[in-house]
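Each chain, written out:
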Amino acid sequence: MGINNMNDAAFILYLILNVIALAVFGIDKYRAVSDKYRIPEKRLLTAAFFGPVGAYAGMRIFRHKIRKPLFSILIPLFILVHAGIYGLMISGYLHS
């Protein structure tokens, strides 16, 4: 079983980006409680933009950035944007 088409490759890439976002939130939480150098919020938001489901999971699992309005508003918004793009792709309006 290999990558059969572009959709499989895109799904695998999307999965990897979400795992990375989850990991970045976990690492930053660890650094926060360990009083170590933190990951800049701009970098966290970039990871969240490309992997919003992983970032949201990271917020909930690690209880990280949940009180920050910027994160609690933008990350669900990123999820909605991704869902909208996916909906357009499967409807045939956007070609993958």
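This structure is a prediction, so every number in the text was calculated from the model and none was measured.

Asks: Could you clarify how one ought to interpret the pattern of salt bridges in this entry?
Replies: Side chains that differ in charge, positive against negative, can pair when their charged atoms come close. Under the definition given, this model contains 3 salt bridges. As a salt-bridge pair, Arg38 and Asp28 come within 2.9 Å of each other at their nearest N and O atoms. Here the residue Arg38 occupies a position in the loop between helix H1 (6-33) and helix H2 (41-50), and Asp28 occupies one in helix H1, the gap between them amounting to 10 residues. According to the relative accessible area criterion, Arg38 is partly exposed, its value standing at 32%. On the basis of relative accessible area, Asp28 is assigned to the buried category, the value being 0%. Sharing partners across several salt bridges, the network here consists of Glu41, Lys65 and Lys68.

Asks: Got a minute to help me understand the packing of aromatic side chains in this structure?
Replies: Tallied over the full model, the rule gives 3 aromatic pairs. With 6.1 Å between their ring centres and 80° between their planes, Phe25 and Phe71 make a pair best called edge-to-face. Linking Phe25 in helix H1 with Phe71 in helix H4 (residues 69-91), this pair joins segments that are 46 residues apart in sequence. Across the pair, exposure class does not vary: Phe25 and Phe71 are buried alike. Among the aromatic residues, those joined into a ring-pair cluster are Phe49, Phe50 and Phe78.

Asks: It is not clear to me how helix H3 (residues 52-62) should be interpreted in this structure. Could you clarify?
Replies: Among the residues making up H3, those that are buried are Pro52, Gly54, Ala55, Gly58 and Met59. Looking straight down H3, one finds that the buried residues subtend no more than 165° of arc, so they occupy a single side. At its buried positions, H3 is contacted by H1, H2 and H4. The first or second residue beyond H3 is Arg63, which carries a positive phi of 50°.

Rules behind the numbers
- Residues numbered from 1 in each chain as written.
- Predicted model: local features only at pLDDT ≥ 70, side-chain atom pairs only at ≥ 80, totals over all residues.
- Heavy atoms only, no water.
- Salt bridge = Lys/Arg side-chain N within 4 Å of Asp/Glu carboxyl O.
- Helix = DSSP H or I, 4+ residues; strand = E, 2+ residues; numbered from the N terminus.
- Buried < 20%, exposed > 50% of the residue type's maximum accessible area, 1.4 Å probe, protein only.
- Phe/Tyr/Trp six-rings, centres within 6.5 Å; stacked < 30°, edge-to-face > 60°.
- Arc of directions from axis to C-beta.
- Contact = heavy atoms within 4.5 Å.

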